[in-house]
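# Descriptive analysis of the structure
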Amino acid sequence: MLVVAVLCGWFVLQLVVLGGFQQSRAQYGLYADFRQALVAQTAPLGGTIAAGTPVALLTVPTLGLQQAVVEGTSSGDLLAGPGHRMDTALPGQVGVSIVYGRASTYGAPFRSVPSLQPGDGIRVTTGQGEFVYRVDGVRRAGDPLPAALPTGGSRLTLVTAEGDGPFAALAPSRTVYVDATLQGDPAVGAPGRPSAIPDSEKAMAGDPSVLPVLALALQGLLLAAVGTLLLRRHLSGRVLWVIAAPVLLAMAWLAGGYAVQLLPNLL
Amino acid sequence: MWLAVVALTAVIVGAPALAGAAVAADGGEPAFTATKTVVRDHVDPAGGDPVVQDSSTVTVTVDQTQGLQGMQGVRVSWSGARPTANITGNITEANAFQVQEYPVVILQCRGTEPTPTTCWTTIYNKRQLTTDPNDYEGVGLWKYDRHWQDGELAALIGTPPADQVYLPFVDAAGKTWSMDGLEHQPPEATNGYDQPVPDQEAAAPTSPDGKGTYLFSVRSSAQNASLGCSDTVACSLVVIPIMGTSCASEGALPKRYPCTAEGKQEPGSTYPQAGGPNATVTGMSWWTPSNWGNRVVVPLTFSPSASLCNVLDTAQEPVPFYGSELVGQATLQWAPAYCRRADRFKFRGNTMAETVAFRNLVAGEIPAALLTYPGAAHSDDPPVGYAPVAVSGFAVAFVWDRPGSRGQEMHLRLTPRLIAKLLTGSYSAATARVDDAGGLTESGKIWPDVAHNPASLNDDPEFIALNPGLSGPEYPGTTGLQSALTSMISVSVPSDVMRALTSYLAADPEAAAFLAGEPDPWKMTVNSTYKGIALPLDAWPLQDVRQEPPGPDYTDPNSGIVHNCTREVPIPFYNRVLAPVSSLAAIADAVLAAAPTSLDRPAFVQATVDGGTSLCVTKRIPKQIYGSRKLLGLVTLADARRFGLPTASLRSSGTGESATFVDADQTSMAAAVVTAKRTEVGEPYLIDAAALHGVPAAYPGTMTVSVAAPLTGLPPETAGHVAQFVRVATTEGQVPGPGVGQLPNGYLPITAAGPTAPLYKAAQEVAASIEAQSGAMGSVSPTTPPPSAPAPAAPPPVTSPPAPPTAPVPATVPSAAGPVTVDGLPAPKPTSAAAATAPGKTPQQQSTVAAAAVPAVLAAGVVGLVGAPLVRSFSTRRRGA
């Protein structure tokens, strides 16, 4: 029973605290890669972009938010930071561009996005330049949909989740949208964008395709646990824990990282 | 601690199982197999258990039983059955039930546990038995079946005892037809004059090795409403290996024909045999309890038919697509995937000659057309975009029974020159042209150009060299006058299929030379009225208008008027022979039923109603008899695969010994579609027959089908529907399978990677243009900048803007109720109230998993924390006690 408590506690810790560390580390790497790509002018402009590639830098001065946006919105992609939905135009291009972000786990980059006010500015830097969007408003269930874009217009929509009740911070269950319109002229994107995305990349979708890998990670954890138990007879307590703790922690972190991907992507 | 290990193991083992369930099941082969031991046993005179006289273990397989369409051919095969004797040629007629010993009777019945009264037979005498008080040849011995229930037999025979008993038929509406004569049958049964629905039930023979096979054509409620099988009414195929009557006590039975008698004839012998059959073991008693108890029931499910949409939603206006028959089978399966969904529309596919459909399209009469070749555009026509949605093709389907009752031939080879001969009426055909001395007869003088040509296809040395063993002087009955083999059934209206076929002929040097007038190596020349015909053509002309010599006069006995029908109804002779029909689907039906379309000579028919008028009528020549069928027809590949018709291998390249012959399959069609090219962006991808001539692995009949829609002038909602159709058809509609929305057999799936990748890409581009309705797509194909190319911060304006998939709707739409989805993306959603949410509002998107996940895990942890000392104290207390 104690072990159940430990496992659950570890999982929550990973989601809330350790995930944050992981995400910051990932952001550091993405920012460095994206800077390099901007300088070399190899940043993606359209077409089919591999999931996990940084495509834009998103800055919201009023929230103090600066994140590198990756391509793809599955639960696994959003572990590294906000994700750009693959079947929409890139930020700064003609059309609607949609970015998803986590609201309470793994750094929660979009936790405070629902508190944006109309008129706030959002700056996006992509391979085609810097674009400034002004927030039109926050949209929840029952609110009217935004007006249709005029020809040649561009809009950015940030999507995240929020909850209510005592566990609101840990259990965001409703999606919330923030729409922002481009100020100035958009760029034209390259064709060849995917026209449909798999179900695991839609809002509040988990990614069941990680189950096989999760099974492997859990097996690793199990092996580590069994190994620890077997070594208990041969080694003293302190030595045992010095050897076993890092292995167990690493396996638990790995398994937890995959288990998170089963949960909704905006969590 | 070990408990935790066990718990962890359980989770690990469960995860892959979940993963397996999460991965969508791929269906695999929907085959049916069953094995059953069928017995014939008799009551033991000594009073013990029934004595088994004869038993076999039969294994029945059916190649497809799920998601069937009406008229689809399913192959039933069996092994381990008792071999049949006295085998007839035509196994679907009543005679086959009456004279064959130990056949396998196959019928379609309603319900998953059918009774004999729900099984369909096309005529009453396949469900008739003689009570035979005189006991002639054992025909009445079925009465001594030991499995009759009390009173059942008496009720059947009645008082006074009837000579004949009939098995009634209960139709789908519950009405019982007594089936005791032609007039007491349901409307779909044969009425003696014509037959609305071809035979499907058969008494099929088992060869001496115990194996047999039969292509069974299933019927849905569209073909047979009395049987009434559909996606909501389950049906089954019943396979009965006939073993004969299991007899009751021998005591009172006549000795001349003991009930236990076995079959009289040699297994494998053909009808008629001296002495006739033993009636106790023929197929006539398939519905008596002994044989019915030996049945194998194969459950069948049917796909929802396309007409479902008319029933489900009569209010919504359909968006009609007109054109090619090549996608007919695909649209049958695709249509129900549209009308059942609120975010789609009511799709309807209609056939129409492609050139006519194009003219209607540019005139604004119809929103979209389905065609292969681009229409001839005039200067004031709106620009049209072509999005490929299917890769299929034409085929020459055939039904050919091998001489000597050796079964059905499944492989045939044809060259373009043979097809040219069949289309041009170059065989010397039905009327004798040359007399014994080699001179011209009466009709030979009218047709001197073909008088010395072979009489029909199976006399042609070119055909015999390619297909040995099918005809020739060593097979009596196959040479000479076979008017069905002087032509191939083809289509009379303009069709892209005819254009593709004639392109195939024109690209072949031998066929082109033959049509230009050169004799073939065996001195056969083309019919002079077709000499020099310019190919390709949209519609095959009937150019030989020569009339045959008039037949004898006929004096009508009622009126005394002298008639001569060939003069009164002057149909040119070759028009009667070639007799093209107006749709390719009709040709597939004709080949399946072995019913040639050729017309007989006009005959005088006396009207029976009023004695005054009498007329000359022309009728089709009689249906060919099973066992001696020879018929070819031009069909779509999808129809051929649906009905189970074999298709001929066409010559793809080379001549003589080094020629390659290819039948249509995924590999050969892929090899052909790889050569498809388009002239500019927005034009259709076309396969050039001349280019295909040099590719030996490619099937020459491959054709692409595209949706053509105008790029300006369509209302935005319709444009959205057409674009949605293209997108759905090229993604969901290209998944092979029998289910709703899937792709049937006979098509090569269009995928984003592979040989059809350019077609997929083109379809998405054109769909976006159709949706945007922003005019011609431009003559320069948009260049995708490679990732390493320098891209300036402010890109220069591009001359032909590529259409991104999220092209916005024109600015005339007002604010709140614009056609957008929850994410703000413009969507082709109909503004009907069928949408789940009020238009213009962000819908509720709640996730209970998100709400519950973390709190649940926390709660479990707390429970574990609190519970651990409790559990420990519990166990110590127990140990202490």
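Our subject is the structure that appears above.
Summarised in this report is the structure supplied together with it.

Thresholds applied
- Residues numbered from 1 in each chain as written.
- Chains lettered and ligands numbered in written order.
- Predicted model: local features only at pLDDT ≥ 70, side-chain atom pairs only at ≥ 80, totals over all residues.
- Heavy atoms only, no water.
- Helix = DSSP H or I, 4+ residues; strand = E, 2+ residues; numbered from the N terminus.
- Buried < 20%, exposed > 50% of the residue type's maximum accessible area, 1.4 Å probe, protein only.
- Contact = heavy atoms within 4.5 Å.
- Areas by Shrake-Rupley, 256 points an atom, 1.4 Å probe, with all protein chains shown as cover.
- Pairing = 2+ DSSP bridges.
- Core = buried A, V, L, I, M, F, W, Y, C linked by side-chain atoms within 4.5 Å.
- Polar contact = N/O pair within 3.5 Å; in protein donor to acceptor, adjacent residues only side chain to side chain.
- Axes fitted to C-alpha atoms, helices over the stretch in contact; angles between N-to-C directions.
- Parallel < 35°, antiparallel > 145°, perpendicular 65-115°, else oblique.
- Nonpolar A, V, L, I, M, F, W, Y, C, P; charged D, E, K, R; others polar.
- Disulfide = S-S within 2.5 Å.
- Expected span 1.5 Å × (residues − 1).
- Bend = angle between axes of the 7 residues up to and from the residue.

Moving on to the overall build of chain A. Scanning chain A from terminus to terminus reveals 3 helices and 8 strands. When its helices and strands are written in sequence order, chain A yields α-β-β-β-β-β-β-β-β-α-α. Residues counted as buried form 57% of the 267 residues belonging to chain A. Sequence-distant contacts, at least 24 apart, represent 67% of the contacts inside chain A between residues at least 6 apart. With an accessible surface of roughly 10,800 Å², chain A has 62% of that area assigned to carbon and sulfur atoms.

This part covers the pairing of strand 13 (residues 319-323) of chain B. Residues and elements named next belong to chain B. A one-sided burial pattern is seen for strand 13, the buried positions being V319, F321 and G323 and the unburied ones P320 and Y322. As defined by bridge partners, strand 13 adjoins strand 15 (residues 368-371) across 3 bridges and the pair is classed as parallel. Considered in strand 15, the bridge of Y322 is made with A369.

On to the nonpolar core, then. F321, L632 and F725 of chain B are the most contacted members of the largest nonpolar core, which totals 114 residues. Those residues in contact with F725 of chain B, other than ones at most four positions away along the chain, are F321, W334, Y338, F345, F347, V389 and V707 of chain B.

All names here are of chain B. Its location among the elements puts D496 in helix 12 (residues 496-507). The buried category is assigned to D496, whose relative accessible area is 3%. Linking D496 and V705, residues 209 residues apart in sequence, is a C-alpha distance of 9.8 Å. Among residues more than four places away in sequence, those in contact with D496 are E354, L371, T372, Y373, D538 and M703. Within polar-contact distance, the side chain of D496 engages the backbone nitrogen of Y373 at 3.2 Å.

Residues and elements named next belong to chain A. Strand order in the closed barrel made by the 8 strands is 1-2-3-4-7-8-6-5, with mixed pairing throughout. Looking at chain direction, strand 1 (residues 54-60) and strand 2 (residues 65-71) are connected through 6 bridges and run antiparallel. Bridging across to strand 2, L58 finds its partner in Q67.

What follows deals with the packing of helix 9 (residues 416-423) of chain B against helix 13 (residues 509-516) of chain B. Residues and elements named next belong to chain B. At a closest axis distance of 7 Å, the pairing of helix 9 and helix 13 adopts a crossing angle of 30 degrees. Relative to helix 13, the element helix 9 is oriented roughly parallel. The residues of helix 13 that touch helix 9, namely those facing P416, R417, A420 and K421, are E510, A511, F514 and L515. Grouping the constituent residues of the contact of helix 9 with helix 13 by class yields 5 nonpolar, no polar and 3 charged.

What follows deals with the state of the cysteines. Residue and element names in this part refer to chain B. Per the stated rule, a full pass over the model turns up 2 disulfides over all chains. The disulfide partner of C109 is C119, and the S-S distance across this bridge is 2.0 Å. On the sign convention where negative is left-handed, the bridge of C109 and C119, at about 95 degrees about the S-S bond, is right-handed. Separated by 10 residues along the polypeptide, C109 in strand 4 (residues 104-110) and C119 in the loop between strand 4 and strand 5 (128-130) bring together distant segments of the chain.

Note: α-helices contain 3.6 residues per turn, so residues at a spacing of three or four share the same orientation. All names here are of chain A. Along its 24 residues, helix 3 (residues 237-260) runs 32 Å from first to last C-alpha, staying within 8% of the 34 Å computed at 1.5 Å per residue. Largest kink in helix 3: about 35 degrees, centred on A244, with the proline P246 one to four residues after it. In this fold, the buried residues of helix 3 make contact with helix 1 (2-40) and helix 2 (211-231).

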